[in-house]
Amino acid sequence: MSEDTFLPLSREDFMRLLKMDGTGIFHSVILLIAFVAVSEGRVVKVPVGPLVHVEGQAVSIRCNVSDYQGPRDQDFDWSMIQAGDKSVPLVSTLGDNFMDPTVKDRVNSGDIGYKKLGDDSVELRFKKVRATDSGVYRCSTPSTDSVISGNYQADVELKVAVSEGRVVKVPVGPLVHVEGQAVSIRCNVSDYQGPRDQDFDWSMIQAGDKSVQLVSTFDDNFTDPTVRDRVNSGDIGYKKLGNDSVELRFKKVRATDSGVYRCSTPSTDSVISGNYQADVELKVAVSEGRVVKVPVGPLVHVEGQAVSIRCNVSDYQGHREQDFDWSMIQANDKSVPLVSTLGDGFTDQTVKDRVNSGDIGYKKLGDDSVELRFKKVRATDSGVYRCSTPSTDSVISGNYQADVELKVIGDSLKVSPAIPKSAVSEGESVELQCNTIRSFTEHTFLSVSWSLRRAGPGPVEDILTFGPDDKIKVGSNYTQRYADGGLLLDLRGGGFYGLVLKRAKPADQAEYVCVAQEWVRQGEEGRRWRKILEKSEEMGKVTVTPTDLQLKLTLTASVNPQSSGEPTELLCQVLDLLHLQDGRLAVTWSYSANTPGDVSQKKITIASLNEEGALIPGGEYRPRLDSGEIAVTRKESNVFALRLLQTLDEDMGSYSCAVSTWMPVRQAGWEKAKEVQSTPVSVQWTPQTPVLRVAAHRVREASTGGSTFEMTCQVTGQNLRNPGYTVLIRFEETSGGKSRKVLSLSQDSVLQSEEWSEPSRVDSVVLEKTGQLEYRFRLYGVQVTDRGFYYCDVTAWTRDQKQDWVKAVSAESNKIEIAFVHTGPVFNISIHSEAKNVLPGETVQMKCIISILDASPNTGDVSFDVRWFQGSGWAVDNGGVLPLVSMDRWGVVKKSSNDSSLERTGRHTFVLSLHKTQDRDAGEYHCSATPWLLSPATGAWSREKDLTSAPTFLSVQTQLWESLKMPVGYGVFAAVIAGVLSVLLGLAVAHCCFSRNPMHTPRPRNKLMDLEMD
């Protein structure tokens, strides 16, 4: 119910009307007619019939019962009454055994059913009503009254009409508009078949039923040529409002647009049925000249108030800015000029002082409107006021003046409230009496409002208003309380207005105010209410002493953690609970972080159990509640529990619980009655920072290439709960340089090779767990490239409540160095090219020569991986360029270009051949080699450091003819083609245009004839 809902008087309010005598009886009779009649017992009501519906629609019929005794929740039976008053039971709120077997299938399928709307109301529902459902339906209520009184059943007739096909509808005409207005005419279609989205045609019907087509939703060529310009300009158009509705629109309607308009819909039905078009008449009236308007009178105001009367002019000619004259019309139509927009000379001498002082004046609101203003209106100002406009029209047409009556009444409204009882106990009634009187010098209406203001200068909150139209308007916060009978209006007559607040609550403690307002009806037929006077009086302060619902709270930690990861359980126990009766308890758990000093921390809601027992998680704690890490339960009727399965360091802080009591209200709702906050309990321990230390020891030293290196890492951990360790072996060529991962062992003992990039030496590195906290790393066949520093990078892990690993702390060991002296040969690399400038298409060879110093190993004791690159050597070192061609130490060649080859022509010579050189082959070339030595002692290959040669540059030259032959060839070819085309064109023109001379007489070709002589 909104705050503007108007409610009738209750039965209790009416009974108070009868407790009057004297003049109050007259007002009681008036109120009796306006509001309620005394009920003589139970009242069962259904809607006034007959109820008419179309077959296939969803139908609901409501039934209410009032003025009954016994349980609040009432039961209902629905039956269909057939001929001879025979009853067919349909549904009952008491059980399924009530229904007749003939309707059992429809009830079970849900086609017929009911819905309880409250304790005292129910609806009979048809999902799809049938034509055979037409008849009389009876709603009955079993008696729960101590004495049989009133009516216990009510009948209503239902008529189900069979749909007769498509229905096209337009508004009922004629539609009357004024020329120049925007006009829209709506058209709807229903009960159709086919596509949901329907199309529409609009036409204008002229004499002889001749049709002028206007617009169509599916055919742009539908428009008649006579109106096409108006349609294209948007002066005539349409707008689809939905699948089944459209509007014909005129931007500015003309007088010639008067006529009958037809809305048609093309058929999409399987059978032609119903109406497919509908007509409506439009009448466009031509403005008849100037119109001067003032408000509809009489205008009633109170003496001493500021008053303004507005005047507007429209449909005029001439200047946009119009002038106005205001006069007061006295007896015998005598005019007293007041003010004019044309100048001060208009004012009458009798009112000149008031005009000069500003007590009477005017204000222009626009070119076509003005206001006559009184600063403080007097009783003598009552009369008729005329607003006139001088003519600026070429032809006198319309009205040039308008009159309105002003009535000024005295201020006779008086408000004298009775001081209410200053202190009441919770549950008692608060009586608010407000005496209001006024003199009936004019037909005014009275309204009385009660409101309150709580502690401080806060806003006033409306409770209830009676009048001015003899209706009750309840404040938004009191709608439910009024419906529950918690507010009673006491109208005794004689200016006495009383309001009783039943069952006072602590929230009713406030300062109460009584407000009386005087109203008049204004506008055409008095449709609009206007307030002319308002007076308010303070009634006094009311204190409400709480008496019910007592309870205490104790919050204890039944399980208190001593370190991170341990469980926590808090118990919130309700003690000394009194007067709960049918109420319920709800709990809210909150957390706030501990802060030093007196700095207060914001409370964060963990979760709540509402009065229905439903869990409502707090925003920040929702994931942990959903996963079960935190549980909120109710162990007993008065004991609530909060349990953290694994308490984290960030969970340290203060915890509190708030228990609220909820009381049942009407319409199956609950209302909070009281809330008590517990004393906070601190969950705190001294955090123990996890500590991890790792020490590396050399077990076996690699003194020469090919020997074995071995080291161990001893792990020591503190303040770690059931830890697991991951061990990662790292390598640095120089101490503090860039590190490289070698091998790792996870906390689940999974061994993984990291950045050990030599496939042939995968088995040469080993990492194993040799003790509870000891790990051993072993490197077989140490090579020159393996020299550097090795150390262990260890990470400790602990398990969370999901038994997943969580990282705790990491540490690195000291570094162990492999630093044996290399006594092998020294290698050198150089590059030699036979030709550095070549022509396209030639073959070029470049040699990569490797020399050995300080040793002369036998053949087979040394081997090389050789790679040739085209491009910058810096990119090669950074791994950014792939080799052009390569040969490994086993003689396997890999290349990225088919025009290159690599062969070993000598013991230490590798030749790169570039075949059919082209422009893209020009550039810088260099070679790179990796020596491999075979150890005579172990028979293992060891890798030496990579060697990179100096670069050499290759240039590919292009000869002049090579650069010109293609352009010259294309030019000659184009010239030949152009010449041939020119000759052919000339022959064609000569043959067509000059083949015959019109002045030439052809010579005969007859042969000579022999002359015959006689």
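Within each chain, residue numbers correspond to sequence positions counted from 1 in written order. Reporting of local features is limited, given that this is a predicted model, to residues whose pLDDT is at least 70; pairs of side-chain atoms are given and counted only at 80 or more, and all residues count toward the totals for whole chains, interfaces and linings. To obtain the side-chain values, all non-hydrogen atoms of the structure were used and water was disregarded.

Novice: Looking at this structure, I do not really get the packing of aromatic side chains. What am I missing?
Specialist: To describe a pair of aromatic rings, one takes the distance between the centres and the angle between the planes. A pair of aromatic rings is counted whenever rings of Phe, Tyr or Trp (Trp by its six-membered ring) have centres within 6.5 Å, and the orientation is called stacked for planes under 30 degrees apart, edge-to-face for over 60 and tilted otherwise. Going through the model one piece at a time under the given rule, you end up with 12 aromatic pairs. Between Phe731 and Tyr790, the aromatic rings sit 4.9 Å apart at their centres with planes inclined by 40°, giving tilted as the arrangement. Of this pair, Phe731 sits in strand 51 (residues 724–732) while Tyr790 is found in strand 56 (residues 788–799), placing the two residues 59 residues apart along the sequence. Each ring, one from Phe827 and one from Phe864, has its centre 5.9 Å from the other, and the planes form 85°; the classification is edge-to-face. In this pair, Phe827 sits in strand 59 (residues 826–833) while Phe864 sits in strand 62 (residues 862–870), placing the two residues 37 residues apart along the sequence. A 1.4 Å probe rolled over the protein chains alone gives each residue an accessible area, and that area as a share of the maximum for its type sets the label: buried under 20%, exposed over 50%, partly exposed in between. Residue classification places Phe827 among the buried residues on the basis of a relative accessible area of 12%. In this structure Phe864 comes out as buried when scored by relative accessible area, which is 1%. Ring pairing ties together the aromatic residues Phe709, Phe731, Phe777 and Tyr790, which thus form one cluster. Note on conventions: DSSP H or I runs of at least 4 residues are helices, E runs of at least 2 residues are strands, and numbering of each starts at the N terminus.

Novice: Sorry, what's going on with the confidence of the model for the protein chain here?
Specialist: Residues shown with low pLDDT carry predicted positions that ought not to be read at fine detail. The predictor attaches a confidence to each residue, and that confidence, scored 0 to 100, is pLDDT. Per-residue confidence for the protein chain gives a mean pLDDT of 82; residues scoring 70 or more make up 88%. Whether two residues are in contact is decided by their heavy atoms: any pair within 4.5 Å suffices. Here residues 873–879 is a poorly scored stretch, pLDDT under 50, and it has eight contacts once near neighbours within four places are set aside; other chains count.

Novice: Would you explain a nonpolar patch on the surface in this entry?
Specialist: Each patch groups residues whose relative accessible area exceeds 30% and which form no salt bridge, using 9 Å between like charges and 5 Å between nonpolar side chains of Val, Leu, Ile, Met, Phe, Trp and Tyr. Throughout, the Shrake-Rupley method with a 1.4 Å probe supplies accessible areas, and for residues the shown protein chains are the sole cover considered. We count a salt bridge whenever a side-chain nitrogen from Lys or Arg sits within 4 Å of a carboxyl oxygen from Asp or Glu. A cluster of nonpolar side chains, namely Val968, Val972, Phe973, Val976, Ile977, Val980, Leu981, Val983, Leu984 and Leu987, defines an oily patch on the protein surface of about 950 Å² accessible area. Along the chain, Leu987 turns up in helix 9 (residues 960–993).

Novice: Mind showing me how you'd approach the side chain of Ser900 here?
Specialist: Mapped onto the secondary structure, Ser900 falls in strand 65 (residues 900–904). Assessed through its relative accessible area of 1%, Ser900 is described here as buried. Setting aside chain neighbours within four positions, we find Ser900 in contact with Leu884, Val885, Lys895, Leu912, Ser913, Leu914 and His915.

Novice: Is there a simple way to think about the nonpolar core in this case?
Specialist: It is characteristic of soluble globular proteins that their nonpolar side chains tend to be buried jointly. Throughout, nonpolar core names a set of buried Ala, Val, Leu, Ile, Met, Phe, Trp, Tyr and Cys residues whose side chains join them through atoms within 4.5 Å. Core analysis: the biggest nonpolar cluster contains 37 residues, and Trp450, Ile463, Leu464, Leu487, Leu489, Leu499 and Tyr512 have the highest contact counts within it. Other than its neighbours up to four places away in sequence, Leu487 contacts Ile463, Leu464, Val474, Tyr478, Arg481, Tyr482, Leu499, Val500 and Leu501. Ala702, Leu743, Leu745 and Trp756 belong to the second largest nonpolar core, which has 32 residues in total.

Novice: What should I look at first to understand the side chain of Thr265 in this one?
Specialist: Tracing the backbone shows Thr265 in the loop between strand 18 (259–264) and strand 19 (277–285). A polar side-chain atom of Thr265 sits 3.2 Å from a polar atom in the side chain of Arg166. Contacts of Thr265, omitting those with residues within four sequence positions, involve Arg166, Val168, Val189, Asp199, Phe200 and Tyr276. Two N or O atoms form a polar contact when they lie within 3.5 Å of each other; inside protein one atom must be a possible hydrogen donor and the other a possible acceptor, and for residues adjacent in sequence the pair counts only when both atoms belong to side chains.

Novice: Any chance you could explain the sheet that holds strand 24 (residues 335–340) here in plain terms?
Specialist: Remark on secondary structure: sheet strands pair via backbone hydrogen bonds, oriented parallel or antiparallel. Paired strands are those between which DSSP finds at least two bridges. Strands sit in the order 21-28-27-23-24 across an open sheet of five strands; the sheet is mixed. Looking along the sheet, the strands with just one partner apiece sit at the ends: strand 21 (299–302) and strand 24. Neighbour-to-neighbour, the strand axes of this sheet turn through a mean angle of 30°, independent of strand direction. A fitted line through C-alpha atoms serves as each axis, taken over the contacting stretch for helices, and the angle formed by two N-to-C directions is quoted from 0 to 180°.

Novice: Which parts of the structure should I look at to understand the pairing of strand 19?
Specialist: The two faces of a sheet get side chains in turn, since along a regular strand they alternate between them. Of the two faces of strand 19, only the one carrying Ala278, Val280, Leu282 and Val284 is buried; Gln277, Asp279, Glu281, Lys283 and Ala285 on the other face are not. Pairing of strand 12 (residues 175–178) with strand 19, which is carried by four bridges, proceeds in the parallel orientation. Bridging across to strand 19, Val178 finds its partner in Ala285. Across six bridges, the pairing between strand 18 and strand 19 is antiparallel. By the bridge assignment for strand 19, Gly259 is matched with Leu282.

Novice: Any chance you could explain the state of the cysteines here in plain terms?
Specialist: Every disulfide links exactly two cysteines, by a covalent bond between their sulfur atoms. When two cysteine sulfur atoms are found within 2.5 Å, that pair is recorded as a disulfide. For the coordinates displayed, the defined rule picks out seven disulfides. In this model, Cys187 is linked to Cys263 through a disulfide, with the two sulfur atoms separated by 2.0 Å. Here the disulfide of Cys187 and Cys263 is left-handed, its torsion about the S-S bond being about -85°. Residue Cys187 is located in strand 13 (residues 183–190), and its partner Cys263 is located in strand 18; the two are separated by 76 residues in the primary sequence. Grouping residues by exposure puts Cys187 and Cys263 together as buried. Each sulfur in the disulfide pair Cys713 and Cys792 lies 1.7 Å from the other.

Novice: I'm lost on the sheet that holds strand 2 (residues 43–45) in this one. Help?
Specialist: The four strands are arranged 2-4-8-7 in an open sheet whose pairing can be described as antiparallel. Looking at strand neighbours, the two that pair on one side only are strand 2 and strand 7 (112–118), the edges of this open sheet. When strand polarity is set aside, the average angle formed by the axes of neighbouring strands in this sheet is 20°.

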